[in-house]
Amino acid sequence: SRRLLVLLAAARANSSPVVSRALRSGSLLPGCLPALMSSSDTTAALDTAIPLLAWYAFNGAFNVENKRVLNELSYPWIISWVQLAAGIGIAVPAWLLGLRRPPLLTAAVLLRFLPIAV
């Protein structure tokens, strides 16, 4: 039902006379809403869905690979430190070369994360 509300809002935002007439007459069926969405709505949906699906797939692969490594090497602290060092080795050059913006760390942010750092 939430999906239907989102689709109805998208359909109302579309200024198409077909959508407006269907909304006024009450004959708009949930199954036909995606067909009435504009191509920009579809592009925006794909721009969100594709990275989420990629993240989900890579996260699953990472978890499986982590488990395989831990089965071979039973030193979780060493594995975590190596992974952290690899992440730092990727992030710091990206910040220095301007490929990514470095995070803005203030005293308030550091104090906020202090309880989980201890």
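Just so it is clear, the structure is predicted and the values come from calculations on it, not from any experiment.

Participant: Describe the overall build of the protein chain, listing the residues and the values that go with them.
Facilitator: For the protein chain, the count of helices and strands is six helices and zero strands. Counting all 118 residues of the protein chain, 8% fall into the buried class. As displayed, the protein chain has an accessible area near 10200 Å², and 69% of this comes from carbon and sulfur atoms.

Participant: Report on the confidence of the model for the protein chain, specifying residues and quantitative values.
Facilitator: The predicted model of the protein chain averages 80 in pLDDT, with 67% of residues at 70 or higher. Model confidence for the protein chain, summarised as mean pLDDT per element, is weakest for helix α3 (residues 33-36) at 52 and strongest for helix α5 (residues 76-96) at 95.

Participant: Account for the pattern of salt bridges, with residues named and values stated.
Facilitator: The full count for this structure, using the stated rule, is one salt bridge. A salt bridge links Arg68 to Glu65; the shortest N-O distance between them is 3.4 Å. In this pair, Arg68 and Glu65 are both assigned in helix α4 (residues 39-72), three residues apart and thus about one turn of the helix distant.

Participant: Give a detailed account of α5, specifying residues and quantitative values.
Facilitator: Between its first and last C-alpha atoms α5 spans 30 Å; for 21 residues at 1.5 Å apiece the expected length is 30 Å, and the two agree. Following α5 by one or two positions, Gly98 adopts a phi angle in the positive range, close to 80°.

Participant: Run through a nonpolar patch on the surface, naming residues and quoting values.
Facilitator: Taken together, the side chains of Trp77, Trp81, Leu84, Ile88, Val92, Trp95 and Leu96 make up a nonpolar region of the molecular surface, amounting to roughly 830 Å² of accessible area. Here Leu96 shows up in helix α5.

Criteria and thresholds
- Residues numbered from 1 in each chain as written.
- Predicted model: local features only at pLDDT ≥ 70, side-chain atom pairs only at ≥ 80, totals over all residues.
- Heavy atoms only, no water.
- Helix = DSSP H or I, 4+ residues; strand = E, 2+ residues; numbered from the N terminus.
- Buried < 20%, exposed > 50% of the residue type's maximum accessible area, 1.4 Å probe, protein only.
- Areas by Shrake-Rupley, 256 points an atom, 1.4 Å probe, with all protein chains shown as cover.
- pLDDT = per-residue confidence, 0-100.
- Salt bridge = Lys/Arg side-chain N within 4 Å of Asp/Glu carboxyl O.
- Expected span 1.5 Å × (residues − 1).
- Patch = residues over 30% accessible without salt bridge, like charges linked within 9 Å, V, L, I, M, F, W, Y side chains within 5 Å.

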